[in-house]
Amino acid sequence: SFVTSTNSTEDKVNYKEQQTVLRKALRAHIPKGLLLETREKGGVYREVRCITPEDQLTSWSVPSPHHKGYIMLGFKSLDNSFNKVMVDSWKDWTGARYIYMYLPDELGLSKITFYHREAPDSLDMFMYIVLVECNCITTPERQMLLLDFAQRMRVERMSGYVSVYAESLS
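Participant: For this particular structure, what's the right way to read the pattern of salt bridges?
Facilitator: Where charged atoms from two side chains of opposite charge approach closely, those side chains can pair. Evaluated as defined, the whole model comprises 6 salt bridges. E118 is the salt-bridge partner of R46, the closest N and O atoms lying 3.7 Å from each other. Highlighted residues: R46 in strand β1 (residues 44–51) and E118 in strand β3 (residues 109–119), separated in sequence by 72 residues. With a relative accessible area of 40%, R46 lands in the partly exposed category. Here R97 and D92 are joined by a salt bridge, their closest N and O atoms 2.7 Å apart. Since its relative accessible area comes to 39%, R97 is described here as partly exposed. Residue class for D92 comes out partly exposed when judged on its relative accessible area of 45%. Residues joined in a network through salt bridges with shared partners are R49, K84 and D88.

Participant: For this particular structure, what's the right way to read the confidence of the model for the chain?
Facilitator: Residues with a pLDDT of 70 or more make up 79% of the chain, whose mean pLDDT is 82. Taking the mean pLDDT of every element in the chain, the minimum, 67, falls on helix α2 (residues 54–57) and the maximum, 95, on helix α5 (residues 96–102).

Participant: Looking at this structure, I do not really get the pairing of β3. What am I missing?
Facilitator: Burial analysis of β3 places 8 of its 11 residues in the buried class, the great majority of the element. Note that β1 and β3 share 7 bridges and pair antiparallel. Note that in β3 the partner of E47 across the bridge is Y115. For β3 and strand β4 (residues 128–134), the ladder comprises 7 bridges, and the chain directions are antiparallel. The partner of Y115 across the bridge, within β4, is I129.

Rules behind the numbers
Residues numbered from 1 in each chain as written. Predicted model: local features only at pLDDT ≥ 70, side-chain atom pairs only at ≥ 80, totals over all residues. Heavy atoms only, no water. Salt bridge = Lys/Arg side-chain N within 4 Å of Asp/Glu carboxyl O. Helix = DSSP H or I, 4+ residues; strand = E, 2+ residues; numbered from the N terminus. Buried < 20%, exposed > 50% of the residue type's maximum accessible area, 1.4 Å probe, protein only. pLDDT = per-residue confidence, 0-100. Pairing = 2+ DSSP bridges.

Okay, here's the thing in structure tokens:
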């Protein structure tokens with residue numbers, strides 16, 4: 001989970017109720033699939049840094065969720081004493097600078113966001129997360145290009161978790 005505004009006037013649904021509704025919806029659409037539930041504790045992450053390409057600063061069009069793709073990078077840390085150094089140098093050690101420079105332009109890089117875990121204090125969870133947003137995943141070829149880029153990062157540069165996501169659309 002990520003830090004979000006709590007100024008909503010809507011009624012809050014507790015976690016168990018959300019799980020039940022989601023489970024029923026998934027079973028209705030995927031009756032013979034395997035449904036897995038996480039056994040890890042939930043984490044609260046705060047955005048601490050962000051890179052937005054210059055051409056995205058002037059872009060006013062909102063991309064379709066069908067055309068968005070994400071690369072998520074996760075990093076664990078055993079020592080909290082280096083947090084300031086880690087945050088200050090995040091572009092280098094996470095690979096964000098590499099992504100900014102070498103992600104193919106046709107994938108439409110819109111944002112690279114760096115998150116730091118605020119809670120809970122656990123060595124089992126990622127301390128840092130980088131989320132890369134791409135707005136132009138419009139064809140199967142571009143999806144394969146994004147998957148290929150993530151795989152090359154795993155092999156060539158990464159020591160953390162790397163995966164590719166898309167928005168879950170109903």
